[in-house]
Amino acid sequence: MTGSAKRMNLSYPVTAADYRRLAQRRLPGFLFDYIDGGAGDEITLAANVADFARVKLRQRVLVDVSRIDTAATLAGESCTLPLALAPVGLAGMMARRGEAQAARVAAAAGVPFTLSTVGICPLDEVRAAYGAPFWFQLYMLRDRGVVQALLQRAWDTGCRTLVFTIDLPLPGPRHRDTRRGLGAHGLRAALLKNAQVLARPGWIWNVALRGKPLRFGSIAEHVPDARDFNALRSWIDTQFDASVTWRDIEWLRGHWKGKLLLKGILDADDARAAVNAGADGIVVSNHGGRQLDSAASSVSKLPAIVQAVGAKTEVLIDGGVRSGADIFKALALGARGVLIGRPWVWALAGAGQRGLRDLLATLQGELKLTMTMAGVTRIADIGANHIDHN
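These notes cover the structure that comes with them.

Criteria and cut-off values
Residues numbered from 1 in each chain as written. Predicted model: local features only at pLDDT ≥ 70, side-chain atom pairs only at ≥ 80, totals over all residues. Heavy atoms only, no water. Helix = DSSP H or I, 4+ residues; strand = E, 2+ residues; numbered from the N terminus. Contact = heavy atoms within 4.5 Å. Buried < 20%, exposed > 50% of the residue type's maximum accessible area, 1.4 Å probe, protein only. Arc of directions from axis to C-beta. Expected span 1.5 Å × (residues − 1). Bend = angle between axes of the 7 residues up to and from the residue. Pairing = 2+ DSSP bridges. Right-handed = clockwise from strand over helix to strand, strands pointing away.

1. Regarding the environment of alanine 91
- Relative to the helices and strands, alanine 91 resides in helix H5 (residues 91-94).
- Sequence separation between alanine 91 and arginine 60 is 31 residues, and the spatial gap between their C-alpha atoms is 40 Å.
- In this structure, alanine 91 is in contact with Gly98, Glu99 and Trp344, ignoring residues within four places of it in sequence.

2. Quick look at the environment of serine 294
- For serine 294, the position within the fold is in the loop between strand S8 (281-284) and helix H15 (298-309).
- For serine 294, a relative accessible area of 55% puts it in the exposed group.
- Note: C-alpha distance between serine 294 and lysine 263 (31 residues apart in sequence) is 19 Å.

3. Points about helix H13 (residues 246-255)
- Three or more residues of H13 are buried, namely Asp248, Ile249 and Leu252. Burial along H13 is one-sided: seen end-on, the buried residues are contained in an arc of 100°. Opposite the buried face of H13, at more than 90 degrees from it, the exposed residues are Arg247 and Gly254.
- Residues of H13 that are buried sit in contact with helix H8 (144-157), strand S6 (161-165) and strand S7 (259-265).

4. Digging into helix H17 (residues 342-374)
- Its 33 residues give H17 an end-to-end C-alpha distance of only 27 Å, which falls more than 12% under 48 Å, the value for a rise of 1.5 Å per residue.
- The sharpest bend along H17 measures roughly 140° and falls at alanine 351.
- Directly after H17, the chain includes glycine 375, whose backbone phi takes a positive value near 75°.

5. Focus: the pairing of strand S9 (residues 314-318)
- For S9, a buried count of five out of five residues is recorded, marking the element as mostly surrounded by other parts of the structure.
- Here S9 shows no split at all, with Glu314, Leu316 and Asp318 on one side and Val315 and Ile317 on the other all buried.
- Looking at chain direction, S8 and S9 are connected through four bridges and run parallel. Bridging across to S9, glycine 281 finds its partner in glutamate 314.
- Read as a crossover between parallel neighbours, the route from S8 over H15 to S9 is right-handed.
- As defined by bridge partners, S9 adjoins strand S10 (residues 337-340) across three bridges and the pair is classed as parallel. Looking across to S10, one finds that leucine 316 is bridged to glycine 337.

So, in structure tokens, the structure goes:
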């Protein structure tokens, strides 16, 4: 590409990295870093991606691969590929009514969408956009009455799969957020954030003005002064409960009649405990590298967890998936499917619904190509024999 083409930005985005660059140009700095950043020095964040790259695949030839099928089943639902859109907080700040837009694309693509507890769009709006039951993500809040109310609301909306995040007793040290002024008060913080917003006039028009109301749609009714974003955030910070144990998960199991996926497992013993507590599945995850810096990457812990509980429960993984080849690698290491978070937000923020639609098509195309070159035609046939250990 010539220098003039680079200056005019004439290239077509293809990969997650391409959409990341577009999102960075369109979002106010504090919003981009909220999505992009991790905990501490971001060692785990980097490891999530790097460790996928270290996994090598066996290339096979002269196998009949004329009919490749990427269809899969996740949490009992038929999908066009073994992938779900992960819950991402504040997605409705990254694009106008972002969760609804993403749900619409996911439905058309035939993959599950997961609404975050701290999403901007409420449950009813996402249901209208998705047109069918979608997944809902929840934390164990201190106020169990709010938890019960959210569970009932999700069920009444049609949600039948609950993704319950268990690795957030307290928020991790996200230094990028602090540098950008998130969570800070006073004149200096206001000037810092306002400068970042004013540097993105397109975002002001498209999201800040045309995307209202910008509040946590699913929990606004439970929060005093829900129109004040800082008040909402402060309330949420007080609701993280460091006293939660496996007994609380058993309590949750008793209050949720649908599928229960526990997200945030990195240890085989915890995986066994999740099965004993009644989970229908687990998500091997380190919260996208946003909690404990220097925790192991998700993919590095996947094989041991699959060995421990893979025959008893559905094992999914998130963190570091950036390509169709990564999806194949996760399945070869024993996962039933993957969740992607940052990539779908980058695509939506950088190029709207078309961007997300194109990214999902790219991921499916890359998965098909990887299956072709590995000599496998069905998702169910992907296994450890496709990993090159030499």
